[in-house]
Amino acid sequence: MFWSNGLVGSNTTFEIVRLFWPVIDRLLGRVDWGRRGKAAAPMKSQLNQYFSLIASP
């Protein structure tokens, strides 16, 4: 029902991702992505910055 309309479906998907973002963030923090050291940290900080900008009113 929520995904039958493109606009409603994209908003629903985005809100589900926002709802589970703390869990996704922890999982992304545990994955090494095949890199050594702190190479994966910039991507994680960019995602956190992006979602904090969107979540703020």
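Residues numbered from 1 in each chain as written. Predicted model: local features only at pLDDT ≥ 70, side-chain atom pairs only at ≥ 80, totals over all residues. Heavy atoms only, no water.

## A few points about the overall build of the protein chain
Part 1 of the argument: Secondary structure summary: the protein chain contains three helices and zero strands in total.
Part 2 of the argument: Going residue by residue from the N terminus, the α and β elements of the protein chain occur as α-α-α.
Part 3 of the argument: Put simply, the protein chain has 57 residues, and 9% of those count as buried.
Part 4 of the argument: Of the roughly 4900 Å² of accessible surface on the protein chain, a fraction of 64% belongs to carbon and sulfur atoms. (Helix = DSSP H or I, 4+ residues; strand = E, 2+ residues; numbered from the N terminus. Buried < 20%, exposed > 50% of the residue type's maximum accessible area, 1.4 Å probe, protein only. Areas by Shrake-Rupley, 256 points an atom, 1.4 Å probe, with all protein chains shown as cover.)

## Structural notes on the side chain of T12
Part 1 of the argument: Topologically, T12 is positioned in helix α1 (residues 6-19).
Part 2 of the argument: Within the structure, the side chain of T12 is placed 2.7 Å from the backbone oxygen of V8, a separation counted as a polar contact. (Polar contact = N/O pair within 3.5 Å; in protein donor to acceptor, adjacent residues only side chain to side chain.)

## A closer look at the packing of α1 against helix α2 (residues 21-30)
Part 1 of the argument: Interaxial distance between α1 and α2 falls to 5 Å at its minimum, and their mutual angle equals 65°. Two secondary-structure elements touch here, α1 through V17, R18 and L19 and α2 through W21, P22 and I24.
Part 2 of the argument: For the contact of α1 with α2, a count of residues per class yields five nonpolar, no polar and one charged. (Axes fitted to C-alpha atoms, helices over the stretch in contact; angles between N-to-C directions. Contact = heavy atoms within 4.5 Å. Nonpolar A, V, L, I, M, F, W, Y, C, P; charged D, E, K, R; others polar.)

## Focus on a nonpolar patch on the surface
Part 1 of the argument: A contiguous nonpolar surface patch, about 630 Å² in accessible area, is contributed by W3, I16, L19, F20, V23 and L27.
Part 2 of the argument: Breaking the nonpolar patch down by element, the ones donating at least two residues are α1 and α2.
Part 3 of the argument: Topologically, F20 is positioned in the loop between α1 and α2.
Part 4 of the argument: Assessed through its relative accessible area of 44%, F20 is described here as partly exposed. (Patch = residues over 30% accessible without salt bridge, like charges linked within 9 Å, V, L, I, M, F, W, Y side chains within 5 Å. Salt bridge = Lys/Arg side-chain N within 4 Å of Asp/Glu carboxyl O.)

## Some words on the confidence of the model for the protein chain
Part 1 of the argument: Across the protein chain, pLDDT averages 75, with 67% of residues at or above 70.
Part 2 of the argument: Within the protein chain, no element has a lower average pLDDT than helix α3 (residues 41-55), which sits at 69, and none a higher one than α1, at 89. (pLDDT = per-residue confidence, 0-100.)

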